[in-house]
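# Structural overview
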Amino acid sequence: MIVSPSVLAFDFANIQKEVERINQSNADWFHIDIMDGVFVPNISFGFPVMKAISKHAKKPLDVHLMIVNPDKYIKDCKNSGAEWVTVHYEACTHLHRTIQLIKNEGMKAGVALNPHTPVSVLEDIINDLDLVLIMSVNPGFGGQKFILNAVDKVKVLKDLITKKKAKTLIEVDGGVNNETGLLLTKAGADALVAGSYVFKYDDINTPINLLKAL
Ligand code: DX5
Ligand code: ZN
């Protein structure tokens, strides 16, 4: 299981210290939530902060763009150290073009689905995707309650990936802990994002190891 702790739950007054905690843990990626206050009702942080994180990060940056017009910012993602870039299906009129933009910059491309968006909208693009991010909360904030329907969506997505012989990874984001994580693992998830669950522990390896072992 790939575990991607969410930077949104960092103590932002001590970013470098927080980055070192992740570097020294058994986590696999850094999950970077970029919000614009338009696509979601919150603003997190932007590319200068991501670039500062990438200077110290020793693991890949898994960037989740919760913004309108993501095409405008794909180069900024590259220049700020992103390895994985995930855009929202709901924010992309020409999704195929956006995915090609990400790949042309040499990054891995993902698509996130809001809780109300069915997996079936990805039927004609799944073979082009390195990752699909199933949102198990409405994006915008950490610490929300897990939406159980996400488990069924993971199963449907797994079936689609198998049917199309795609190599896409399934990642889930929002309200993930050891209990919801177990349901997601059984359903076929490959990667779990966790913010509040990881950072409520002093020793973050405790929750990270629990998730990794699911
Ligand atoms: C929510 C973000 C998540 C968030 C998850 O919009 O996309 O990545 O940090 O936080 P938790 O794990 O606390 O639900
Ligand atoms: Zn996220």
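Preceding this section is the structure that the text describes.
This text gives an overview of the structure that appears in the document. From a predicted model like this one, the values you see are computed outputs, not experimental measurements. (Residues numbered from 1 in each chain as written. Chains lettered and ligands numbered in written order. Predicted model: local features only at pLDDT ≥ 70, side-chain atom pairs only at ≥ 80, totals over all residues. Heavy atoms only, no water.)

### Re the coordination of the zinc ion (ligand 2)
Here the zinc ion (ligand 2) is held by His-31 (NE2), Asp-33 (OD), His-64 (ND1) and Asp-173 (OD), and the distances to it run 2.1 to 2.3 Å. Each of the six donor atoms around the zinc ion (ligand 2) contributes to a set of angles spanning 70 to 171°, which defines the coordination as octahedral. Read N to C, the donor residues that coordinate the zinc ion (ligand 2) are spaced as H-x1-D-x30-H-x108-D. Of this pair, His-31 sits in strand 2 (residues 30-35) while His-64 is found in strand 3 (residues 61-66), placing the two residues 33 residues apart along the sequence. You can call His-64 buried: its relative accessible area is 1%. (Donors = N, O, S within 2.8 Å, 3.2 Å for Na, K, Ca; no water. Tetrahedral: all angles 85-135°; square planar, octahedral: opposite > 155°, others 65-115°. Helix = DSSP H or I, 4+ residues; strand = E, 2+ residues; numbered from the N terminus. Buried < 20%, exposed > 50% of the residue type's maximum accessible area, 1.4 Å probe, protein only.)

### Some thoughts on the packing of aromatic side chains
Throughout the structure, instances matching the rule amount to five aromatic pairs. Ring geometry for Phe-47 and Tyr-73: centres 6.0 Å apart, planes at 20°, overall stacked. Here Phe-47, found in helix 2 (residues 47-56), pairs with Tyr-73, found in the loop between strand 3 and helix 3 (74-79); they are 26 residues apart in sequence, far enough to count as distant. Taking relative accessible area as the criterion, Tyr-73 reaches 28% and is therefore assigned partly exposed. Pairing Tyr-197 with Tyr-201 gives two aromatic rings, centres 5.8 Å apart and planes at 85°, and the pair type is edge-to-face. (Phe/Tyr/Trp six-rings, centres within 6.5 Å; stacked < 30°, edge-to-face > 60°.)

### Notes on the nonpolar core
Within the largest apolar cluster, 60 residues are counted, with the highest numbers of intra-cluster contacts made by Phe-30, Ile-32, Ile-34, Val-63, Leu-65, Ile-134 and Leu-184. Per-element accounting of this core gives the leading share, six residues, to helix 5 (residues 149-163). Filtering out sequence-adjacent residues up to four positions away, Leu-184 remains in contact with Phe-146, Val-151, Val-154, Val-172, Val-176, Ala-189 and Leu-192. Core analysis: the second largest hydrophobic core is formed by eight residues, Ala-112, Leu-131, Leu-133 and Ala-191 among them. (Core = buried A, V, L, I, M, F, W, Y, C linked by side-chain atoms within 4.5 Å. Contact = heavy atoms within 4.5 Å.)

### Describing the side chain of Asn-114
Mapped onto the secondary structure, Asn-114 falls in the loop between strand 5 (108-113) and strand 6 (131-135). A residue is classified by how much of its surface remains accessible, and Asn-114, at 9% relative accessible area, is buried. Once residues lying within four places of it in the same chain are set aside, the contact partners of Asn-114 are Phe-39, His-88, Glu-90, Met-135, Pro-139 and Lys-153.

### Notes on the packing of helix 1 (residues 15-23) against helix 2
Between helix 1 and helix 2, the least distance of the axes is 9 Å, while the angle of their chain directions is 45°. Comparing the axis directions of helix 1 and helix 2 gives the class oblique. By crossing handedness, the relation of helix 1 to helix 2 is classed as right-handed. Along its contact with helix 1, which presents Ile-15, Gln-16, Val-19, Glu-20 and Asn-23, the element helix 2 presents Val-49, Ile-53 and His-56. Of the residues contributing to the contact of helix 1 with helix 2, the split by class is four nonpolar, three polar and one charged. (Axes fitted to C-alpha atoms, helices over the stretch in contact; angles between N-to-C directions. Parallel < 35°, antiparallel > 145°, perpendicular 65-115°, else oblique. Left-handed = near helix turned anticlockwise from the far one by under 90°. Nonpolar A, V, L, I, M, F, W, Y, C, P; charged D, E, K, R; others polar.)

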